[in-house]
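The chain contents come next:
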Amino acid sequence: MKKTVIIVVSVLLCAVCATVIGQKKILSPKEERREVREKRRAERIADFEKTMDSVILSRNFQFNPQTMQRQPAGPMRQIINPAFNVGVWDGTVEFIKGNNEFTVNIALMENNVCMGAVIYVPYFEKMYIAGRDSGSYLKEHIAPDAAAEYTYDEIVRNWTPLPLAGEGPHDHPRVALSRSHQTPETREHVARLRERHPDLEIVEQGSSYKFCLLAEGRVDYYVRTTHTYEWDTAAGELILAEAGGSTRTLPDGRELLYNEEDLRNPWFVCRSKFSKI
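Remember, it's a predicted structure, so these values are computed and weren't measured experimentally. (Residues numbered from 1 in each chain as written. Predicted model: local features only at pLDDT ≥ 70, side-chain atom pairs only at ≥ 80, totals over all residues. Heavy atoms only, no water.)

## What about the layout of surface pockets?
Item 1. In this structure, the second largest pocket encloses a volume near 300 Å³.
Item 2. Lining the second largest pocket are 17 residues, and of these Arg 132, Glu 237, Glu 255, Leu 256 and Tyr 258 sit closest to its centre.
Item 3. Broken down by secondary-structure element, the contributors of at least two residues to the lining of the second largest pocket are strand 5 (113–121), helix 8 (230–242) and strand 12 (246–249).
Item 4. Considered class by class, the residues forming the lining of the second largest pocket number 8 nonpolar, 4 polar and 5 charged. (1 Å grid on protein atoms, 1.4 Å probe; cavity = no way out; pocket = protein on both sides within 12 Å on 5 of 7 lines; lining within 4 Å. Points joined across faces, edges and corners; volume = space filled by probe spheres on them. Helix = DSSP H or I, 4+ residues; strand = E, 2+ residues; numbered from the N terminus. Nonpolar A, V, L, I, M, F, W, Y, C, P; charged D, E, K, R; others polar.)

Here it is in C-alpha cells:
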C-alpha cells in the first residue's frame, strides 16, 4: 500500500477512535436507549449524527467551510479533490436499539474515486483498511482511545490480508441482509435466490459491517433494495473490491458512481471473492 495513503489512514485511525469516545457521552446508558420512542427516532438520529460529525472533524481535520457541504443525513463532505467522504456513524438505528452493530466509515476520494478507506467496528475492536490497487487488510484489537496515535510501522505491523485464510466457498451460500432495512423487494430477491440455492443461509447485520464480512469471506452475497447514500458505501466498496469482491447496481450491473447530483445510491448487490451466486 502506498505510504502516503497509510499516513492519511494513520490520521483517520485517531479520528475514529476519538469519535467512539465521543459517543459515550451522548447515548451510552442503556436506560436512555430504551426510552427512545419511535416518534422521536428521526430527530434523535439526526442530532446524534451531527454531533459525531463535529467530534470527528474537529478532532483531526482543518476544513475550509467553503469547501464543505452538509448533506441531509448529516455527514460532512469536502467537494474538492482529493476529498474525504466521511460516513461518520453508520448504523445509528442499531446503536439506539442497543445491539452494537455500528461502524465509522471514512473514504479518501480523488476525482470521485475512492483511493483509500477505513471502516472501524468499535464493538469488535476491528479496523478494516484498503488502498486502491494495494490490497485490503484487517487490524484487530483497536480499542477506542481518544488519545490514539499510530505510526506507519504500527499500522502495517501484524495486520491480516483479506480475505481471511481458511475462508472460501461455503457449502451453503451465506446471504447478508440489512437487519433494519428490508423491503418486499428484498424478500422477493432472496426467494429467487432460494430457487437456485435452497440451502442458502441468511445473515442479518446492521451498518457497513456487511462489506467487511464480505471482504473477510465470511459471507458470500449482500443485496440492498432500499436507499443508501454515497458515504454509506464508498469505504466498504473499496475494502471489498481490494479483497477480490465486487459491488454492482441492481438490476443493471453497473458500478456505483460518486459525487453525483443525487447522493442516494441505486439498489445494489455485493459478492465476495468466493461467491458462486
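Still more ground to cover, so stick around.
## Re the packing of aromatic side chains
Item 1. Summed over the entire model, instances satisfying the criterion amount to 8 aromatic pairs.
Item 2. Each ring, one from Tyr 123 and one from Phe 124, has its centre 5.1 Å from the other, and the planes form 75°; the classification is edge-to-face.
Item 3. Centre to centre, the rings of Tyr 229 and Trp 231 are 4.9 Å apart; their planes meet at 0°, and the pair counts as stacked.
Item 4. Judged by relative accessible area, Tyr 229 falls into the partly exposed class, the value being 24%.
Item 5. By way of ring pairs, the aromatic residues Tyr 123, Phe 124, Tyr 128 and Tyr 209 are connected into one cluster. (Phe/Tyr/Trp six-rings, centres within 6.5 Å; stacked < 30°, edge-to-face > 60°. Buried < 20%, exposed > 50% of the residue type's maximum accessible area, 1.4 Å probe, protein only.)

## Comments concerning the nonpolar core
Nonpolar side chains in soluble globular proteins tend to end up buried together.
Item 1. Of all hydrophobic cores here, the largest spans 30 residues; its most connected members are Ile 119, Tyr 128, Leu 162, Tyr 222, Ile 239 and Cys 270.
Item 2. At the level of secondary structure, the elements contributing two or more residues to this core comprise strand 4 (103–110), strand 5, strand 6 (126–131), helix 7 (209–216), helix 8 and strand 13 (268–271).
Item 3. Among the elements that make up this core, the one with the highest residue count is helix 7 (6 residues).
Item 4. With residues up to four places along the chain from it excluded, the contact list for Tyr 222 reads Ala 176, Ser 178, Lys 210, Phe 211, Leu 214, Phe 268, Val 269 and Cys 270. (Core = buried A, V, L, I, M, F, W, Y, C linked by side-chain atoms within 4.5 Å. Contact = heavy atoms within 4.5 Å.)

## Focus on the environment of Leu 138
Item 1. If you trace the backbone, Leu 138 turns up in strand 7 (residues 135–140).
Item 2. Distance from Leu 138 to Lys 126, taken between C-alpha atoms, is 7.0 Å for residues 12 residues apart in sequence.
Item 3. Excluding residues that lie within four positions of it along the chain, Leu 138 makes contacts with Lys 126, Met 127, Tyr 128, Trp 159, Thr 160, Leu 162, Leu 164 and Glu 216.

## Looking at the packing of helix 7 against helix 8
Item 1. At a minimum axis distance of 9 Å, the contact between helix 7 and helix 8 shows a crossing angle of 5°. As judged from the angle between their axes, helix 7 and helix 8 are roughly parallel. Contacts between helix 7 and helix 8 involve Phe 211, Leu 214 and Ala 215 on the former and, on the latter, Asp 232, Thr 233, Gly 236, Glu 237, Ile 239 and Leu 240. (Axes fitted to C-alpha atoms, helices over the stretch in contact; angles between N-to-C directions. Parallel < 35°, antiparallel > 145°, perpendicular 65-115°, else oblique.)

## What about helix 7?
Item 1. Counting buried positions over the 8 residues of helix 7 gives 8, a clear majority of the element.
Item 2. Every buried residue of helix 7 is accounted for by Tyr 209, Lys 210, Phe 211, Cys 212, Leu 213, Leu 214, Ala 215 and Glu 216.
Item 3. In the stretch just after helix 7, Gly 217 is the one whose phi turns positive, near 95°.

## Let's talk about unusual backbone geometry
Item 1. The linkage connecting Leu 162 with the following residue, Pro 163, adopts the cis geometry, with an omega of 0°.
Item 2. For the bond from Leu 250 to Pro 251, the omega torsion is 10°, close enough to zero to count as cis.
Item 3. Tracing the sequence through the fold places Pro 251 in the loop between strand 12 and strand 13.
Item 4. The residue Asp 133 is not glycine, and still its phi comes out positive at about 60°.
Item 5. Turning to its location among the elements, Asp 133 is positioned in the loop between strand 6 and strand 7.

By themselves, these figures tell us nothing about what the structure is for.
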